[in-house]
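# Architecture at a glance
Each chain is listed here by its residues.
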Amino acid sequence: MDPRSPLSLLPPDWQSELARARIEPVEGGLGGASLFRIARDSGPPRYLKIAQNGVAPALQQEIERTRWLAQRGQHVPAILRTNDGPGHVAMLMEAVSGVSADAGPLPPLQLVEALARGLAGLHALPAAECPFDESLAVRFARAAAAIAAGKVGAEAFAPRNRGIAPEALLARLIAEQPQQDVVVVHGDATLSNIIVDGAGGIGFVDCGNAGRGDRYLDLGVLAADIEDHFGKEAAAHFTRAYGRPAWDEAKARYYSDLYELF
């Protein structure tokens, strides 16, 4: 095995098992981590994430939060084993059955109804029992650190925020923060992080930012992503299907703006 590969960090018993599989590097998942698809002669594929050095604590958080969600009936990756070694963390997991929602596995209106049901189910979990904090204060601190590290590019902002420096956007969001309606959120609820099966069942992946936060932390991001992929009619149908008595467009836009900094 190439000693420069993150796979070389794994203990011998892991490497022995992986030697019998086809390993394919893939993009996506936790920023800075290495993600691999593990294809086997029989059974569904598995996925392996390896995070080194400064990224390792974030993957440890993903492991803990994914397990917490699984224990409460959410359809998330089943974690088969983990390895916490010198300077790295690794997680081997089963694939969630289905197709990424951004691939449009169902007709758009049927798809967004499934997404609304799945997200409403997640948000119905008892927030008081959730030990992970994704409040605005935590998000602001994380955004400030990302900006200071040069990880936020204003060129990728939505058109309404073009020309605004990341520091100025964060300052505006801090000044205008709305009252929080705290639920259990996914925390990174893009279409690519939601898996849909043929029957409309919903699963969640990349759960490292799940925790207690405002429901619009998910709703604002997902509604904007639905509109980008499937159009305004689909996004409007999603907001109705979610089941809240009144959609707060200002709050959805606020949290969509906050997501620009991540």
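The structure contained in this document is the topic of the report that follows.

Conventions used here
Residues numbered from 1 in each chain as written. Predicted model: local features only at pLDDT ≥ 70, side-chain atom pairs only at ≥ 80, totals over all residues. Heavy atoms only, no water. Helix = DSSP H or I, 4+ residues; strand = E, 2+ residues; numbered from the N terminus. Buried < 20%, exposed > 50% of the residue type's maximum accessible area, 1.4 Å probe, protein only. Polar contact = N/O pair within 3.5 Å; in protein donor to acceptor, adjacent residues only side chain to side chain. Phe/Tyr/Trp six-rings, centres within 6.5 Å; stacked < 30°, edge-to-face > 60°. Lys NZ or Arg CZ within 6 Å of the ring centre and 35° of its normal. Pairing = 2+ DSSP bridges.

## Considerations on unusual backbone geometry
Residue N53 is not a glycine yet carries a positive backbone phi of 50 degrees. Relative to the elements of secondary structure, N53 occurs in the loop between β3 (46-52) and α2 (56-71). We classify N53 as exposed; its relative accessible area is 56%.

## Some words on the environment of T239
You can see T239 is positioned in helix α7 (residues 232-241). You can call T239 buried: its relative accessible area is 16%. As a C-alpha pair, T239 and A124 span 115 residues in sequence and 16 Å in three-dimensional space. Of the polar contacts made by the side chain of T239, one reaches the backbone oxygen of A236; its length is 2.7 Å.

## Describing the packing of aromatic side chains
Counted under the stated rule, the structure contains four aromatic pairs. A ring pair is formed by Y254 and Y255, whose centres lie 5.2 Å apart and whose planes are at 75 degrees; its orientation type is edge-to-face. Summarising the burial analysis for this pair, Y254 and Y255 share the class buried. Taken together, the ring pairs connect Y216, F238 and W247 into an aromatic cluster. Note that R139 overlies the ring of F262, its terminal NZ or CZ placed 5.2 Å from the centroid.

## Regarding the pairing of β3
Counting buried positions along β3 yields five of seven residues, so the element is predominantly enclosed. Sheet topology places strand β2 (residues 34-39) next to β3; five bridges connect them, and they run antiparallel. Its bridge partner lying in β3, L35 is registered against K49. As judged from the seven bridges shared by β3 and strand β5 (residues 88-94), these two strands associate in the antiparallel manner. The residue bridging Q52 from the neighbouring strand is H88, located in β5.

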